[in-house]
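# Examination of the molecular architecture
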Amino acid sequence: QNQRILDSAGEGIIGIGEDGVIGFANPAAAKILKWSVEGLLGQEPFQLLQPKTDKGEEIVATQSMFSKTFEDGETRKITGELFKCRKGGWIPVEYVIAATFDEGIISGLVVTFGDISKRQKFEEELIKAKNEAVAGNRVKSEFLSIASHELRTPLNAILGMTDLLISSNLDVEQKEFAKTILNSGNGLLSLIDDILELSSVDAGKQVLQPKPTNLSGLVEQVIAILSPSAKAKGLEFVSQIGDELPAEILTDERKFRQILLHLVSNAIKFSATGKIQLLVKGTKQNREIDQVQISVSDQGMGIHEKDMQTIFQPFTQVDSTDTREHGGTGLGLTICKRFVDGMGGTIEVASEVGKGSRFSFNLPLIPPKEFKTQTAPQPKQSTSEKEHLFPANSKILVVEDDPVNLLLIERILKQWQLKTEVAVNGHIALQKLKKSKFDLVLMDIQMPKMDGLTATKQFRKWEKSARDPDQQTPIIAVTAYSLEKSRESCLKAGMNAYLTKPIVRNTLKQVLDSFLNSESKIATSKLSEPITVNRTILVQLKEDMGDDFPMFIKLFLDALPKRINAILHAAEQLDGKAIHLQTHPLKSNSRQFGLDGLADLVENIDNFARTGKTKRAAKLIPQFEEACREAQKVLKAETNSL
């Protein structure tokens with residue numbers, strides 16, 4: 001019975017006696033080694049198999065697993081060694097070698113082995129496929145980076161110049177035309193961002209930016225952008241917003257707009273006649289209206305039931321002719337679903353071939369009164385924005401090789417009464433920076449002769465030895481590259497902040513304000529605004545974390561005192577590097593819990609620390625301590641109220 005079991009085993013088995021020769025071999029062993037069973041018997045195994053390492057190196061007899069196991073009796077499992085076959089050639093094997101005992105004394109060995117050549121080949125193919133996939137992802141990332149740059153550069157000029165045009169003396173109709181151009185350009189920019197977002201490693205892990213949003217205004221924007229297309233096809237375009245909804249809701253306006261643009265443009269694209277209907281209303285899951293429902297209906301070609309199962313998948317369209325007839329990437333509905341899912345909602349479709357389709361999505365309804373925003377009210381500004389927003393005589397070096405973008409930036413800075421000098425490449429910029437002192441530098445990245453990264457590295461090296469290290473010149477990257485690795489490269493080169501084209505006036509203003517108006521923010525040890533919690537972010541975090549939410553909050557609050565003490569100690573020592581190491585994670589953690597006011601203050605401290613202005617960073621510590629005390633209180637209170 002035992003013999004039949006050994007003979008039927010799939011793995012090779014050989015038995016080695018006390019005399020050191022093979023006394024038993026099963027048919028599988030003979031087959032693997034290309035011997036007969038009889039031919040194996042009586043042979044010395046080491047001389048027969050001549051084992052080598054997986055790299056083909058010969059193994060000394062005294063160092064072989066056979067000799068070692070005969071000496072110590074330990075069972076060993078070896079993978080990757082090579083055994084010699086009868087007709088030449090070597091096979092990779094995996095084997096287990098164990099000693100047999102007679103009254104406690106080693107009396108022989110049993111070796112069980114298998115040919116792993118097929119497994120190794122499969123593993124090599126897997127590694128090759130993985131490497132090809134990694135290479136493909138790298139090529140894709142490089143393509144996206146280049147495509148983003150090439151698209152953003154002209155788009156920056158279109159949006160920037162249109163923005164300047166709107167602020168000039170236009171009549172009402174001209175201003176509406178210009179606003180439509182601006183809104184359409186922003187829609188295109190959003191699409192570029194969406195494609196990059198879908199392609200990123202963190203696809204699906206979206207960062208929401210909720211703010212009070214006027215529903216009717218948002219719908220009117222979509223109508224203004226898309227109604228000309230509907231009119232050109234003879235389609236009726238109607239919209240309705242329910243009276244039960246508040247005028248404003250709290251939502252991510254950019255994502256909300258992009259969903260509407262995708263759904264309405266699809267309805268127009270796939271309709272030859274009939275009506276497009278955009279309806280917005282409130283719905284109830286409980287007693288009160290707690291969701292906003294948006295539906296887009298058309299009377300177009302409709303969708304087959306089998307296609308509705310895959311319609312939200314990337315690059316999917318209803319049939320192979322759609323791309324040629326209607327155009328598009330097949331990403332629109334995927335983007336919609338990703339955004340809706342990320343905003344805590346649901347999206348669905350109902351359709352009948354030849355009669356039309358209805359896409360609808362539901363989002364949580366959060367009126368602005370439930371949102372404790374940390375954003376201070378913005379002061380009203382004149383159309384020309386010619387009041388002094390920044391300290392008088394502030395001097396900015398603009399480094400940009402594209403003449404249109406250069407003109408745009410100069411015009412914006414001129415409106416803010418900032419003095420400017422220009423350089424068309426990194427080499428000229430480096431000369432100007434060494435010759436004159438600037439309050440801030442706006443640095444393009446891709447330029448002829450010398451790029452922005454090289455110029456920044458060389459200037460930082462020179463500045464460190466030639467000027468006061470506590471007076472480092474802020475350098476802001478202004479580039480059409482928008483991938484995260486581009487941002488990291490800029491900061492690593494010594495830049496202080498990062499702006500992507502197209503340049504958004506308000507974003508540029510915020511960045512300039514953080515560096516040019518910092519002194520006024522240091523003047524008092526009291527907080528200018530109370531620390532509050534972004535309740536929407538906290539609610540979303542609770543949904544994401546589930547039962548782990550209380551523990552997550554506790555971990556943050558328990559770790560905060562230690563982090564505060566480390567920052568205080570680093571500030572006392574005027575150790576900028578240590579301040580940065582502690583403030584950088586606290587900044588992101590604070591935003592994660594909706595403590596944006598605290599995050600903004602920590603970011604200011606971090607900016608000073610990273611730019612060598614440690615004394616200025618230290619002056620903000622009293623505000624920082626007060627902000628942390630307030631943050632702990634409000635976070636506990638808000639958490640308990642959820």
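Structure: see above.
Worth saying up front: this structure is predicted, and the values here are computed from it rather than measured.

## Brief notes about the overall build of the protein chain
A tally of regular secondary structure across the protein chain gives 24 helices and 17 strands. Counting over 642 residues, the protein chain shows a buried share of 43%. Counting only contacts in the protein chain whose residues sit at least 6 apart along the sequence, the fraction spanning at least 24 positions is 65%. For the protein chain, the computed accessible surface area is about 33800 Å², with 52% contributed by carbon and sulfur atoms.

## Description of the packing of aromatic side chains
Scanning the model with the defined rule gives seven aromatic pairs in all. Residues Phe83 and Phe113 carry aromatic rings whose centres are separated by 5.9 Å and whose planes lie at 65° to one another, so their mutual orientation is edge-to-face. Note that Phe83 is positioned in strand S3 (residues 76–84) and Phe113 in strand S5 (residues 105–115), a separation of 30 residues in sequence. Phe113 matches Phe83 in its accessibility class, with the two residues each being buried. With a centroid separation of 5.3 Å and an interplanar angle of 40°, the aromatic rings of Phe552 and Phe593 are classed as tilted. Taken together, the positions of Phe552 in helix H20 (residues 549–572) and Phe593 in the loop between helix H21 (576–592) and helix H22 (596–610) put the pair 41 residues apart, joining distant regions of the chain. With relative accessibility at 2%, the residue Phe593 sits in the buried group.

## Focus on helix H5 (residues 65–72)
Burial in H5 covers these residues: Met65, Phe66 and Thr69. Mapping the buried residues of H5 onto a view down its axis gives an arc of 100°, with all of them on the same face. On the buried face of H5, the contacting elements are strand S1 (12–16), helix H4 (45–49), S3, strand S4 (90–102) and S5.

## Details of the packing of helix H14 (residues 426–435) against helix H15 (residues 452–466)
Close contact between H14 and H15 brings their axes to 9 Å; oriented N to C, the two are set at 20°. Between H14 and H15, the crossing angle belongs to the class labelled roughly parallel. When you trace H14 past H15, the crossing you get is right-handed. For the pair H14 and H15, contact is made by Gly426, Leu430, Leu433 and Lys434 and by Ala455, Gln458, Phe459 and Trp462, respectively. For the contact of H14 with H15, the residue count by class is five nonpolar, two polar and one charged.

## Points about the sheet that holds strand S9 (residues 275–284)
With respect to topology, five strands assemble into an open sheet ordered S7-S9-S10-S12-S11, the strand pairing being mixed. Two strands in the sheet have a free side with no partner beyond their single neighbour: strand S7 (236–241) and strand S11 (346–352). Geometrically, the sheet is characterised by an average inter-axis angle of 15° between neighbouring strands, direction not taken into account. Lying on the sheet, helix H8 (residues 215–232) is in contact with S7 and S9; it crosses S7 at an angle near 175°. Across the face of the sheet, helix H9 (residues 253–269) comes into contact with S7, S9, strand S10 (289–297) and strand S12 (356–364) while running at roughly 170° to S12.

## Comments concerning unusual backbone geometry
Backbone geometry at Glu103 places phi at a positive 55°, although glycine is not the residue there. Positionally, Glu103 belongs in the loop between S4 and S5. We classify Glu103 as exposed; its relative accessible area is 79%. Even without being glycine, Leu574 reaches a positive phi, approximately 55°. With a relative accessible area of 38%, Leu574 lands in the partly exposed category.

## Regarding the sheet that holds S5
Paired through backbone hydrogen bonds, the strands of a sheet run either parallel or antiparallel to each other. On the basis of which strands lie adjacent, the open sheet formed by five strands has the order S2-S1-S5-S4-S3 and antiparallel pairing. Edge positions in the sheet fall to strand S2 (22–25) and S3, since each has one partner strand and no second. Put simply, the sheet's adjacent strands are angled 30° from each other on average, direction ignored. Seen against the sheet, H5 touches S1, S3, S4 and S5 and runs at an angle of roughly 145° to S5.

## Description of the side chain of Lys587
Within the element layout of this structure, Lys587 appears in helix H21. A residue is classified by how much of its surface remains accessible, and Lys587, at 15% relative accessible area, is buried. Residues within four places of Lys587 in sequence aside, it is in contact with Ala599, Val602, Glu603 and Asp606.

Each value, and the rule that gives it
Residues numbered from 1 in each chain as written. Predicted model: local features only at pLDDT ≥ 70, side-chain atom pairs only at ≥ 80, totals over all residues. Heavy atoms only, no water. Helix = DSSP H or I, 4+ residues; strand = E, 2+ residues; numbered from the N terminus. Buried < 20%, exposed > 50% of the residue type's maximum accessible area, 1.4 Å probe, protein only. Contact = heavy atoms within 4.5 Å. Areas by Shrake-Rupley, 256 points an atom, 1.4 Å probe, with all protein chains shown as cover. Phe/Tyr/Trp six-rings, centres within 6.5 Å; stacked < 30°, edge-to-face > 60°. Arc of directions from axis to C-beta. Axes fitted to C-alpha atoms, helices over the stretch in contact; angles between N-to-C directions. Parallel < 35°, antiparallel > 145°, perpendicular 65-115°, else oblique. Left-handed = near helix turned anticlockwise from the far one by under 90°. Nonpolar A, V, L, I, M, F, W, Y, C, P; charged D, E, K, R; others polar. Pairing = 2+ DSSP bridges.

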